[in-house]
Structure formats: C-alpha cells, structure tokens
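This is what each chain is made of:
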Amino acid sequence: MTVCIRPATLGDLALICRLRVQRTSWLTARGSDQWTVAGRGRAIETFAAAVGRALDRGETWIAEVEGEPAGTITVNHRADPDLWSPWELAESVIVHFMIVDLRFAGRKVGHHMLAHAADLATRKHRPWVRLDAWTTNTDLHDYYRREGFVLARIAGPVASGPSRALFERPTSSWPPRLPPRRTGTTHRSVSAALLRD
C-alpha cells in the first residue's frame, strides 16, 4: 500500500468537512460526544472556517491511498488558549483536525499523517509533536499511546474546552523517513514496506 501526503487546497474544503461529518456520526453511534455541538464541539460552519484559514496558510494536508483521499491533517504552531505554555508551543508543531476516512480505517493512514507532522517538525527544528485530544474519548487516547505519544497532562480548569488531554512525542523518536523530501515540494510518496512498525 502506498500513502501519499499532498498539500490540501481550497478545493479540498468540502472533502474535509465531509470527513468531519462522517467521523462525528461514527463517534456518536458509539456513544461519544466528540465534535458534537452538545459536547461543546465546533459547529460544522465554525470548523469549516477554521480549516479554511489553515488552508490559506498552507497548514493542511491530504493523505491519499492509491490516489483516493483517505484522510486529512492540519499542522501548525498554534493551539487553543491555556492548553500549552508559550515555551511548549515554541518548541513544537501542533496537530489539529486529524481525520481518517472510514473506508481506510485500520490501514495506518493516521500513522503516516503523524509521521508527516514529525517530518515538518524536523524541518523546522522543533523537538516535539504535540496535540490535544477530546478529554473523554479514552479510545482516542489509547490510539495516540499506540502511536508513541504520552499523556503530558489534562489541562487545568482555565482551559475550558472539550479537548484538554494533552499528548506529546519527541520528534527524534520517529525513524528516518524514506524516500527523502524532494527539493521544492512537500508532496511525498511513502511505501508502507519502508514504514513497518
């Protein structure tokens, strides 16, 4: 299986919103309030506006499997207020809006997208990849632990949002990635045979 990570464009916004709606429905069917308005998640219009800003800044990517869109991830240096300290933000990249299309669940698409975030951190000389996860979604916490992240802490009461479980992983803990990045592009193809656990 080949996974390609390409920069997302404004034309991908509808796809990204569809992935968010798909995954929210899947989570709701399993009893989670993640991303629901009732659970204090962003309404889809607010989510779309946030993703649109990230697209304008070149911070969002699409994972493709055999040419089919399989997931999305946004990586930047910002986080919601009162989650990470200024020094933690200064030394890390922050993962947002990572969603895998249910058609590709179990095919390690998320693994490849997180490795891409680590590549971005390496290029920017930032020693950490950090993210906040939905506080009550312990299955998601377990997923990030399997991906080598550790729970740094649950953000304190000043951070009142629904995603207060803070996870981190040192950039240096990812193995070197092959093939190397092509000069002048962020588009990359990675063979699963080179990325086995």
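To keep things clear, this report deals only with the structure shown in the data block. (Residues numbered from 1 in each chain as written. Predicted model: local features only at pLDDT ≥ 70, side-chain atom pairs only at ≥ 80, totals over all residues. Heavy atoms only, no water.)

### Some thoughts on the packing of helix H1 (residues 13-29) against helix H2 (residues 44-56)
For the pair H1 and H2, the least separation of the axes is 10 Å and the interaxial angle reads 135 degrees. As summarised for this structure, H1 and H2 are arranged oblique, according to the angle between their axes. For the crossing formed where H1 meets H2, the hand is right-handed. Only Ile44, Phe47, Ala48, Val51, Gly52 and Leu55 of H2 make contact with H1, whose side of the interface consists of Leu13, Ile16, Cys17, Arg20 and Val21. (Axes fitted to C-alpha atoms, helices over the stretch in contact; angles between N-to-C directions. Helix = DSSP H or I, 4+ residues; strand = E, 2+ residues; numbered from the N terminus. Parallel < 35°, antiparallel > 145°, perpendicular 65-115°, else oblique. Left-handed = near helix turned anticlockwise from the far one by under 90°. Contact = heavy atoms within 4.5 Å.)

### Some words on the packing of aromatic side chains
Under the criterion given, the structure shown has 5 aromatic pairs. Here Phe47 and Phe97 contribute two aromatic rings whose centre-to-centre distance is 5.0 Å and whose plane-to-plane angle is 75 degrees, an arrangement assigned as edge-to-face. Here the residue Phe47 occupies a position in helix H2, and Phe97 occupies one in strand E4 (residues 92-100), the gap between them amounting to 50 residues. With respect to burial, Phe47 and Phe97 carry one shared label: buried. Pairing Tyr143 with Tyr144 gives two aromatic rings, centres 5.3 Å apart and planes at 65 degrees, and the pair type is edge-to-face. The partly exposed category is assigned to Tyr143, whose relative accessible area is 21%. Through a chain of ring-to-ring contacts, the aromatic side chains of Tyr143, Tyr144, Phe149, Phe167 and Trp174 assemble into a single cluster. (Phe/Tyr/Trp six-rings, centres within 6.5 Å; stacked < 30°, edge-to-face > 60°. Buried < 20%, exposed > 50% of the residue type's maximum accessible area, 1.4 Å probe, protein only.)

### Quick notes on the pairing of strand E3 (residues 68-76)
Among the 9 residues in E3, 7 count as buried, and that is most of the element. Counting the residues between successive antiparallel strands, the hairpin from strand E2 (residues 60-65) to E3 contains 2 residues, one of them, Glu66, with a positive phi of roughly 50 degrees. Alignment of E3 against E4, held across 5 bridges, turns out to be antiparallel. Bridge pairing links Thr72 to Ile99 in E4. (Pairing = 2+ DSSP bridges.)

### Considering the nonpolar core
Val129 and Tyr144 are the most contacted members of the largest nonpolar core, which totals 30 residues. For this core, the secondary structure elements donating two or more residues are strand E1 (2-7), E2, E3, E4, helix H4 (109-123), strand E5 (128-133), helix H5 (138-146) and strand E7 (165-170). Counting residues per element, this core draws most heavily on H4, at 8 residues. Beyond its immediate sequence surroundings of up to four residues, Tyr144 is in contact with Met98, Leu114, Leu131, Ala133, Phe149 and Phe167. Judged by nonpolar contacts, the second largest core, of 16 residues, contains Ala8, Cys17, Leu27 and Ala50. (Core = buried A, V, L, I, M, F, W, Y, C linked by side-chain atoms within 4.5 Å.)

### What to know about the environment of His96
Secondary-structure assignment places His96 in strand E4. Taking the C-alpha atoms as reference, His96 lies 7.9 Å from Asp132; in sequence the two are 36 residues apart. Discounting chain neighbours no more than four positions away, the residues touching His96 are Ile73, Thr74, Asn76, Arg78 and Ala79. In this structure the side chain of His96 is engaged in a polar contact, spanning 2.9 Å, whose partner is the side chain of Asn76. (Polar contact = N/O pair within 3.5 Å; in protein donor to acceptor, adjacent residues only side chain to side chain.)

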